[in-house]
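# Structure assessment
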Amino acid sequence: MFPRTIQSKNIGKDCKAAIFPSQKPASTPASHQLSEDQLNKIFRCFDTNGDGLLSKEEVKSAYNKLGKSFPGVRTWWALHVGDENGDGYISQNEFNKLVEKNYLT
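Residues numbered from 1 in each chain as written. Predicted model: local features only at pLDDT ≥ 70, side-chain atom pairs only at ≥ 80, totals over all residues. Heavy atoms only, no water.

## Focus: the UniProt feature "domain: EF-hand" (unreviewed entry) in the chain
Our working rule: UniProt positions are given in the numbering used here, feature names are shortened, and annotations may be inferred rather than shown by experiment. Helix and strand assignments follow DSSP, with helices taken as H or I runs no shorter than four residues and strands as E runs no shorter than two, numbered in order from the N terminus.
Mapped onto the present numbering, the UniProt feature "domain: EF-hand" (unreviewed entry) falls on residues 34–69 and 83–105. The span residues 34–69 is 58% helical and 6% strand by assignment, and the distance between its end C-alpha atoms comes to 22 Å. Each end of residues 83–105 is marked by a C-alpha atom, and these two atoms are 17 Å apart; helix forms 39% of the span and strand 9%.

## Let's talk about the nonpolar core
Test applied: Definition of nonpolar core: a set of buried residues of the types Ala, Val, Leu, Ile, Met, Phe, Trp, Tyr and Cys, connected through side-chain atoms within 4.5 Å. A simple rule labels every residue: compare its accessible area, found with a 1.4 Å probe on the protein chains alone, to the largest value its type can have, and call it buried under 20%, exposed over 50%, or partly exposed in between.
Phe 46, Leu 54, Val 59, Ala 78, Ile 90 and Phe 95 are the most contacted members of the largest nonpolar core, which totals 14 residues. For this core, the elements supplying multiple residues, two or more each, are helix H2 (36–46), helix H3 (56–65), helix H4 (71–82) and helix H5 (92–100). Ranked by residues supplied to this core, first place goes to H2 with 4 residues.

## Focus: the packing of aromatic side chains
What counts here: Only centres within 6.5 Å qualify two rings of Phe, Tyr or Trp (six-membered ring in Trp) as a pair; their planes then separate them into stacked at under 30 degrees, edge-to-face at over 60, and tilted for everything else.
Under the counting rule described, the total for this entry stands at 3 aromatic pairs. Their ring planes at 85 degrees and their centres at 6.2 Å tell us that Trp 77 and Tyr 103 sit as a pair that is edge-to-face. Taken together, the residues Trp 77 in helix H4 and Tyr 103 in the segment after H5 connect sequence positions 26 residues apart. Trp 77 sits in the partly exposed class, given a relative accessible area of 35%. Judged by relative accessible area, Tyr 103 falls into the partly exposed class, the value being 34%. By way of ring pairs, the aromatic residues Trp 76, Trp 77 and Tyr 103 are connected into one cluster.

## Things to note about the environment of Phe 43
In plain terms, the rule: Contact criterion: two residues are considered in contact whenever any of their non-hydrogen atoms come within 4.5 Å of each other.
Along the chain, the position of Phe 43 falls in helix H2. Taking the C-alpha atoms as reference, Phe 43 lies 9.9 Å from Val 59; in sequence the two are 16 residues apart. Apart from the residues within four sequence positions on either side, Phe 43 is in contact with Gly 52, Leu 53, Leu 54, Ile 90, Ser 91, Gln 92 and Phe 95.

## Points about H5
Every buried residue of H5 is accounted for by Glu 94, Phe 95, Asn 96 and Leu 98. Residues of H5 that are buried make contact with H2, strand S1 (53–54), H4 and strand S2 (90–91). A positive backbone phi angle near 65 degrees is found at Asn 102, which sits one or two residues after H5.

Structure follows, in C-alpha coordinates:
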(Lines give C-alpha, C1' and ligand atoms only; values in the text may rest on other atoms or scores of the structure.)
Protein backbone atom coordinates (compact mmCIF):
# COMPACT_ATOMS: atom_id res chain seq x y z
CA MET A 1 0.00 0.00 0.00
CA PHE A 2 2.67 2.46 0.97
CA PRO A 3 5.61 3.10 -1.36
CA ARG A 4 8.83 1.60 -0.05
CA THR A 5 11.69 4.03 0.41
CA ILE A 6 15.07 2.50 -0.33
CA GLN A 7 17.78 3.71 2.00
CA SER A 8 21.41 2.72 2.02
CA LYS A 9 22.81 1.53 5.34
CA ASN A 10 26.43 1.88 6.41
CA ILE A 11 27.84 2.22 2.90
CA GLY A 12 31.16 4.06 2.63
CA LYS A 13 31.41 7.27 0.61
CA ASP A 14 33.39 5.57 -2.19
CA CYS A 15 30.75 2.86 -2.49
CA LYS A 16 27.90 5.36 -2.46
CA ALA A 17 29.50 7.29 -5.31
CA ALA A 18 29.84 4.11 -7.36
CA ILE A 19 26.38 2.75 -6.56
CA PHE A 20 24.44 6.00 -6.58
CA PRO A 21 26.13 8.22 -9.19
CA SER A 22 25.23 11.90 -9.13
CA GLN A 23 21.75 12.69 -10.30
CA LYS A 24 21.29 12.77 -14.05
CA PRO A 25 18.97 15.16 -15.85
CA ALA A 26 15.39 13.95 -16.30
CA SER A 27 16.08 13.36 -20.00
CA THR A 28 18.52 10.53 -19.21
CA PRO A 29 17.01 7.19 -20.29
CA ALA A 30 16.02 4.76 -17.54
CA SER A 31 18.24 2.09 -19.09
CA HIS A 32 21.43 3.88 -18.00
CA GLN A 33 24.30 1.41 -18.06
CA LEU A 34 26.96 1.42 -15.37
CA SER A 35 30.51 1.75 -16.60
CA GLU A 36 32.96 -1.09 -16.08
CA ASP A 37 34.80 1.08 -13.56
CA GLN A 38 31.60 1.63 -11.56
CA LEU A 39 30.86 -2.11 -11.61
CA ASN A 40 34.38 -2.87 -10.36
CA LYS A 41 34.01 -0.34 -7.52
CA ILE A 42 30.65 -1.75 -6.48
CA PHE A 43 32.00 -5.31 -6.55
CA ARG A 44 35.04 -4.35 -4.44
CA CYS A 45 32.84 -2.53 -1.91
CA PHE A 46 30.82 -5.66 -1.25
CA ASP A 47 33.78 -8.08 -1.43
CA THR A 48 34.56 -7.49 2.23
CA ASN A 49 37.32 -10.10 2.55
CA GLY A 50 39.01 -9.04 -0.71
CA ASP A 51 39.18 -12.54 -2.22
CA GLY A 52 37.73 -11.44 -5.58
CA LEU A 53 34.51 -13.41 -5.01
CA LEU A 54 31.17 -12.59 -3.42
CA SER A 55 30.05 -15.22 -0.92
CA LYS A 56 26.45 -15.85 0.03
CA GLU A 57 26.97 -13.76 3.18
CA GLU A 58 28.53 -10.86 1.24
CA VAL A 59 25.66 -10.82 -1.29
CA LYS A 60 23.08 -10.87 1.51
CA SER A 61 24.95 -8.11 3.34
CA ALA A 62 24.96 -6.03 0.14
CA TYR A 63 21.19 -6.35 -0.23
CA ASN A 64 20.75 -5.43 3.45
CA LYS A 65 23.00 -2.37 3.09
CA LEU A 66 21.04 -1.26 0.04
CA GLY A 67 17.81 -1.56 2.01
CA LYS A 68 16.32 -4.17 -0.33
CA SER A 69 13.38 -6.24 0.85
CA PHE A 70 13.73 -10.01 1.19
CA PRO A 71 17.56 -10.10 1.12
CA GLY A 72 17.63 -13.86 1.71
CA VAL A 73 15.43 -14.60 -1.28
CA ARG A 74 17.32 -12.11 -3.46
CA THR A 75 20.61 -13.72 -2.41
CA TRP A 76 19.31 -17.19 -3.28
CA TRP A 77 18.17 -15.93 -6.69
CA ALA A 78 21.47 -14.14 -7.41
CA LEU A 79 23.44 -17.30 -6.64
CA HIS A 80 20.95 -19.51 -8.49
CA VAL A 81 21.14 -17.57 -11.76
CA GLY A 82 24.56 -15.97 -11.39
CA ASP A 83 26.89 -18.71 -10.18
CA GLU A 84 27.68 -20.14 -13.60
CA ASN A 85 30.47 -22.47 -12.48
CA GLY A 86 28.64 -23.78 -9.39
CA ASP A 87 31.36 -22.92 -6.87
CA GLY A 88 28.94 -21.12 -4.52
CA TYR A 89 30.45 -17.68 -5.16
CA ILE A 90 29.84 -14.79 -7.55
CA SER A 91 32.98 -13.77 -9.45
CA GLN A 92 33.53 -10.31 -10.95
CA ASN A 93 32.58 -11.64 -14.40
CA GLU A 94 29.43 -13.34 -13.07
CA PHE A 95 28.53 -10.15 -11.18
CA ASN A 96 28.87 -8.05 -14.33
CA LYS A 97 26.57 -10.45 -16.19
CA LEU A 98 23.98 -10.27 -13.39
CA VAL A 99 24.00 -6.49 -13.55
CA GLU A 100 23.86 -6.55 -17.34
CA LYS A 101 20.77 -8.79 -17.25
CA ASN A 102 19.25 -6.64 -14.48
CA TYR A 103 18.98 -9.64 -12.12
CA LEU A 104 20.25 -7.75 -9.06
CA THR A 105 17.42 -5.25 -8.72
